[in-house]
Amino acid sequence: MKICITSAGENLDSSFDSRFGRCQFFIIIDTDTMKYKSILNDGNISPHGAGIAAAQQVVNAEVDVVITGNVGPNSFNVLTESGIKIYKGQHNIIKDNIDLFNEGKLELITKAGKSHGGI
Amino acid sequence: MNISILSGKGGTGKTTLATNLAVYLKSKGYKTQYLDFDVEEPNGFIFLKPNILNEIDVNVKVPKIDEIFCKNCGLCAKNCQFNALALAKDKILLFEKLCHSCGLCSILCPTGAISEVERKIGKINVGEMGGLTCIEGKLNIGEPMGIPIIKSLKKLFKNDYINIIDSPPGSSCNVVNSVEGSDFSILVTEPTRFGLHDLKIAVSVVKQNKIPFGVVINKSGKEDSIIEDYCIKENIKVIGKIGFEREIAHKYSKGELLIENETMKSVMDNIISSVVEVD
């Protein structure tokens, strides 16, 4: 399974970023092989519609799951319309969140949070 | 002639001066229009109480995607500079409040699935009070962009009239668009550090737009030097002072005009002699 997690840095030891549209990096990881790559979030530099730009990038990366903190209404819409499930990260380190996800301990986010949560 | 009234800091007295000046000019026989450009929260009509004669809808263009023709190529979403379109798994999503009506998506669409349709974002009320034309722009609640309403308001300027532009507070796009092209700007401030701080920003807005301007100190009193020292240093003309008077505050709180007030009259007479008659 391919998952995307919002991160402040580029590797699995980085800090988790609870913001979706305004996080620095997305870490895309294949949970079967634990191979990963990090991509810069274009949304972070968007003056408007950061969440939409970020969500578009994640949709383009063809992930099944997103782990983040808060997702605004616009990005929630783009992600769920693309069939991506969103889970709430619990730990401040990337790889610990992935472990929690693999153990089934992360909570599914079923509705959009407040907009402009990352500013 | 277009006279804009701005301030930087909110609550310094833009609307107080703009509404009274418009009524006063009209009473002196000048052909005058009052236009409230503070489209996010216009309040000039509270004081002018005009009879509304006409309501004009303000619409913007947004894309409409025909799903029968859309092939989900994503070209529109990829090229939208405002992130107003996104390509989800099997459909295009539109976020209309982010759209700037540039029309690029409808030009680019290879299957012609995108047409442009009108979306109402607010309205303009045109009214009349004692022969004075009173106009206000009103942006719908929750709408992020007031500029289309400001542009529509500007089309209502009358050439042979004095158009009094009651600008929004601050120094945002809304303010710049409101005051751009004015023949004169009146910067209303108050003698506080905060008033001075924002006055400096307002001064830079009018200077950059090469608009001649003068300062009016409202709530004037013993702290006036905060503003006056700055104006002397920058060679800026103080064209009036409105005292921090109980009578003014009392009438304002009841939504009444102040054209009978002596200080107000002298400030407005000075504006007429130094701005209107010079033109």
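Shown above is the structure to which this text applies.
Throughout what follows, the structure given in this document is the object of discussion. None of the values given here were measured: they were computed from a predicted structure. (Residues numbered from 1 in each chain as written. Chains lettered and ligands numbered in written order. Predicted model: local features only at pLDDT ≥ 70, side-chain atom pairs only at ≥ 80, totals over all residues. Heavy atoms only, no water.)

**Remarks on the overall build of chain A**
As a reminder, the rule being used: Runs of E in the DSSP output that reach at least two residues are strands. Runs of H or I that reach at least four are helices, and both are numbered from the N terminus. Values of the radius of gyration come from C-alpha atoms, whereas the globule rule sets the reference at 2.2 Å times the count of residues to the power 0.38. Here's how the labels work: a residue is buried when its accessible area is under 20% of the maximum for its type, exposed when over 50%, partly exposed in between, all with a 1.4 Å probe on protein chains only. The criterion used for residue contact is that any of the two residues' heavy atoms lie within 4.5 Å. Throughout, the Shrake-Rupley method with a 1.4 Å probe supplies accessible areas, and for residues the shown protein chains are the sole cover considered. Neither His nor the chain termini are counted; the positive set is Lys and Arg, and the negative set is Asp and Glu. Where a charge lies is defined by one atom per residue type: Lys uses NZ, Arg uses CZ, Asp uses CG and Glu uses CD.
Each helix and strand in chain A was counted, giving three helices and six strands. From first element to last, N terminus to C terminus, chain A shows the α and β order β-β-β-α-β-α-β-α-β. Its C-alpha atoms give chain A a radius of gyration of 12 Å, within 12% of the compact-globule value 14 Å for 119 residues. Along the three orthogonal principal directions, the C-alpha set of chain A runs to about 35 × 25 × 25 Å. Scored against the burial criterion, the 119 residues of chain A give a buried share of 50%. Counting only contacts in chain A whose residues sit at least 6 apart along the sequence, the fraction spanning at least 24 positions is 49%. Here chain A displays about 5800 Å² of accessible surface, and carbon together with sulfur accounts for 48% of that area. Where the 11 positive side-chain charges of chain A centre and where its 13 negative ones centre are 5 Å apart.

**Observations regarding the state of the cysteines**
Formally: Defined by distance alone, a disulfide is two cysteine sulfur atoms within 2.5 Å.
On inspection of all chains with the given rule, the structure shows zero disulfides over all chains. Looking at the unpaired cysteine 23 of chain A, the closest cysteine sulfur is the one in cysteine 4 of chain A, lying at 7.2 Å. Not part of a disulfide, cysteine 76 of chain B finds its nearest cysteine sulfur in cysteine 73 of chain B, a span of 6.2 Å.

**As for empty space enclosed by the protein**
Residues and elements named next belong to chain B. Which entries qualify depends on this criterion: Each cavity reported here is a set of points on a 1 Å grid over the protein atoms alone in which a 1.4 Å probe fits but cannot get out, each pocket an open set with protein on both sides within 12 Å along at least five of seven lines, and each lining residue one with an atom within 4 Å of a point. Grid points are joined across faces, edges and corners, and a volume is the space filled by probe spheres set on the points. When residues are grouped by polarity, Ala, Val, Leu, Ile, Met, Phe, Trp, Tyr, Cys and Pro land in nonpolar, Asp, Glu, Lys and Arg in charged, and all others, Gly among them, in polar.
Enumeration according to the criterion identifies three cavities of 30 Å³ or more in this entry. Put simply, the largest cavity is a space of about 110 Å³. By residue number, the principal contributor to the lining of the largest cavity is helix α4 (residues 104–108), which donates three residues. Split into classes, the residues belonging to the lining of the largest cavity amount to 12 nonpolar, four polar and no charged. Empty space within the second largest cavity amounts to approximately 90 Å³. Lining of the second largest cavity is provided by 14 residues; of these, Cys70, Lys71, Cys73, Cys76 and Cys109 occupy positions nearest its centre. Taken together, the residues that form the lining of the second largest cavity break down as 10 nonpolar, three polar and one charged.

**Focus on the sheet that holds strand β4 (residues 65–68) of chain A**
Residue and element names in this part refer to chain A. Heads up, the condition is: For two strands to be treated as a pair, DSSP must find at least two bridges joining them. Structural elements are reduced to axes, namely lines fitted to C-alpha atoms, with helices fitted over the stretch in contact, and the angle between N-to-C directions of any two is expressed from 0 to 180 degrees.
Taken in spatial order, the six strands of this open sheet run β3-β2-β1-β4-β5-β6, and their pairing is mixed. Either end of the sheet is taken by a strand with one partner, and the two such strands are β3 (35–40) and β6 (107–108). As paired elements, strand β1 (residues 2–7) and strand β2 (residues 25–30) share six bridges and run antiparallel to each other. When the sheet's bridge partners are listed, isoleucine 3 is paired in β2 with isoleucine 29. Sitting on the sheet, helix α1 (residues 50–60) is in contact with β1, β2, β3 and β4, with an inclination near 20° to β2.

**Focus on the layout of surface pockets**
If a probe the size of a water molecule is rolled over the atoms, the empty space left behind becomes visible. In this structure, the largest pocket encloses a volume near 920 Å³. Of all the secondary-structure elements, those providing two or more residues to the lining of the largest pocket are α1 and α2 (73–81) of chain A together with α6 (173–179) of chain B. Sort the elements by how many residues they give to the lining of the largest pocket and α2 of chain A lands first, with three residues. Classifying every residue of the lining of the largest pocket gives 14 nonpolar, 16 polar and seven charged.

**So, helix α5 (residues 147–154) of chain B**
Residue and element names in this part refer to chain B. Which entries qualify depends on this criterion: Here the arc refers to the directions that run from the helix axis out to each C-beta atom.
Of all the residues in α5, the buried ones are Ile147, Ile149, Ile150 and Leu153. Buried residues of α5, viewed axially, fall in a sector of 160°; they line one side. Elements that come into contact with the buried residues of α5 comprise β2 (32–36), β3 (51–65), β6 (114–129), β7 (132–139) and α6.

What is shown is where atoms sit, not what they do.
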